[in-house]
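# A look at the structure
Next come the chains, spelled out residue by residue.
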Amino acid sequence: MAPKRVTVVGSGNWGMAIATIIATNTERHPEFEKDLTVWMFDEEIEHKGVKRKLSVHFNETKENVKYLPGVTLPRHVIAEPDIKKAVGNADILIWVLPHQFVPKTIENMGPVKEGAVSVSLIKGGLELEGGKLGLCSDLLRKLLKHEVAVLMGANVANEVAAGQFCEATLGCKSAEHQGTLCKLFDCLSFRVNAVDDIPGVELCGALKNVVALGAGFCDGLDYGGNTKAALIRIGLQEMKIFIRHFYPDAKDSTFLESCGVADLITTCFGGRNRKCAEAFVRSRGSKSWDQIEKDLLGGQKLQGTLTAQEIWPVMKAHGLCQKLPLFTTIYEIAFNGKAPWGIVKLPQGMPASA
Ligand code: NAD
Ligand code: 13P
């Protein structure tokens, strides 16, 4: 069988970091073609006084100076700014875009190969569709008309790119694809465990970004570890209630995978959502989320604020607000002017069952 060609669609902080892992595996496993294509949304950058396209700079230096500065990727990682060329020949598509850019990107790309498969690493992108909750992987499945798996986990990109040990969870239904996809991601520093609970894995990845805003509010108020741990516990419980409401078959074990409790912990301590939420509180209402994102993230994108806005109408339509006091409070602090200390004034007695 011909070796499978792989394309990473997205070249932000996580897109570049995961490309370092995948490129190691395409080199050592003969079932993959060694060269790894990365679709790069192109932009002009200025680096050391020289202005040029990010993709041109990357292909010459193998460093993405804007989204993963200081890391040199292997020579066989190739940036392709033309989306049609980047995806047209791929057997495996790895989706790593901020979720707001997915529909337009798919609109701009041409056909994909028959029999191709996708994996979404995107944390976010939830909406109501005919009263049912739609996931980003559902959208990809609908538009691409092929199988879509998901990969989520406690994976702060800069740490992964530095080769620090971590784990991730692959959500995949097909046994045939599970083996190939594990091989594409798994290595000594990035251990992958496969499960068949796609909605559970994907929703953990999206919802933990909302909880991380709460953790950031807590840091902005100078509360300590006990308070943050309480918010993490309540957040995990509310994630479970939300997920079980829409997907009663989501498994308990999923919440104990890297995509569940582990990602929640790392994001609440070391993520961008946490960082920006802390700044939001410290700015005392003087800065908008857009301004904070711009000031602190250098072009990288927040997902938790968008996800909080996406789930709010879903929660209201399904009568979930009372059952999810932490999610409700986080939304109200972030978007309705509620005082940040409301985060520690949650009603006593959380819903017992999830
Ligand atoms: P990022 O926030 O670092 O970068 C933003 C990306 O968006 C850049 O690649 C930029 O070129 C691109 N972009 C800007 N405008 C665009 C447009 N109009 N169309 C298409 N692309 C455009 O991105 P990221 O951190 O790689 O995040 C991608 C996904 O990965 C998110 O869902 C995020 O939650 C998830 N994720 C991130 C991390 C992390 O540590 N960074 C870890 C795990 C998962
Ligand atoms: P942030 O987007 O908050 O940085 O979270 C990164 C992440 O998903 C770590 O697993």
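The rules behind each value
Residues numbered from 1 in each chain as written. Chains lettered and ligands numbered in written order. Predicted model: local features only at pLDDT ≥ 70, side-chain atom pairs only at ≥ 80, totals over all residues. Heavy atoms only, no water. Near = heavy atom within 4 Å. Polar contact = N/O pair within 3.5 Å; in protein donor to acceptor, adjacent residues only side chain to side chain. 1 Å grid on protein atoms, 1.4 Å probe; cavity = no way out; pocket = protein on both sides within 12 Å on 5 of 7 lines; lining within 4 Å. Sits in = over half its atoms within 2 Å of the grid points. pLDDT = per-residue confidence, 0-100. Helix = DSSP H or I, 4+ residues; strand = E, 2+ residues; numbered from the N terminus. Buried < 20%, exposed > 50% of the residue type's maximum accessible area, 1.4 Å probe, protein only. Contact = heavy atoms within 4.5 Å. Pairing = 2+ DSSP bridges. Axes fitted to C-alpha atoms, helices over the stretch in contact; angles between N-to-C directions. Core = buried A, V, L, I, M, F, W, Y, C linked by side-chain atoms within 4.5 Å.

### As for the site of ligand 1
Every one of the 24 residues lining ligand 1 counts as a neighbour, but Asn13, Trp14, Ala157, Lys301 and Gln303 are closest to it. Residue alanine 157 places a main-chain N or O atom 2.8 Å away from an oxygen atom belonging to ligand 1. Contact between ligand 1 and glutamine 303: an oxygen atom at 2.8 Å from a side-chain N or O atom of the residue. Counting atoms within 2 Å of the grid points, the majority share of ligand 1 lands in the largest pocket.

### Here's the deal with the confidence of the model for the protein chain
Here the protein chain averages 96 in pLDDT, while 98% of its residues score no lower than 70. Overall fold confidence for the complex sits at a pTM of 0.97, while the interface term, ipTM, reaches 0.99.

### Some details on the side chain of threonine 169
Within the element layout of this structure, threonine 169 appears in strand S11 (residues 166-171). Threonine 169 gets classed as buried once you look at its relative accessible area, which sits at 0%. Residues within four places of threonine 169 in sequence aside, it is in contact with Val150, Leu151, Met152, Asn193, Val195, Val201, Glu257, Ser258 and Cys259.

### A short note on the side chain of serine 120
Structurally, serine 120 is set in strand S7 (residues 117-120). Its relative accessible area of 0% is what places serine 120 among the buried residues. Excluding residues within four positions of it along the chain, serine 120 makes contact with Trp95, Leu140, Val148, Ala149, Val150, Leu151 and Met152.

### As for the sheet that holds strand S10 (residues 148-152)
Within the open sheet, the 8 strands sit side by side as S5-S2-S1-S6-S7-S10-S11-S12. Their pairing is mixed. Two strands lie at the open edges of the sheet, namely strand S5 (77-80) and strand S12 (190-195), each paired on one side alone. Strand after strand, the sheet turns through a mean of 25° between neighbouring axes, direction not considered. Where S11 lies against S12, 6 bridges are found, and the strand directions are parallel. For alanine 168, the partnering residue across the bridge sits in S12 and is valine 192. Sheet strands in contact with helix H8 (residues 198-220) are S10, S11 and S12, and its direction is about 45° off that of S10.

### Here's the deal with the nonpolar core
Ranked by internal contacts, the top residues of the largest apolar core, which has 50 residues, are Phe217, Phe242, Trp289 and Phe327. Of all elements in the fold, only H8, helix H9 (225-246), helix H10 (258-270), helix H11 (272-282), helix H12 (289-297), helix H13 (304-317) and helix H14 (325-335) reach the threshold of two or more residues within this core. Considering each element in turn, this core owes the most residues, 11 residues, to H8. Discounting chain neighbours no more than four positions away, the residues touching phenylalanine 327 are Leu207, Val210, Val211, Gly235, Glu238, Met239, Phe242, Ile311 and Met315. Counting residues in hydrophobic clusters, the runner-up holds 46 residues, among them Phe58, Val77, Val119 and Leu181.

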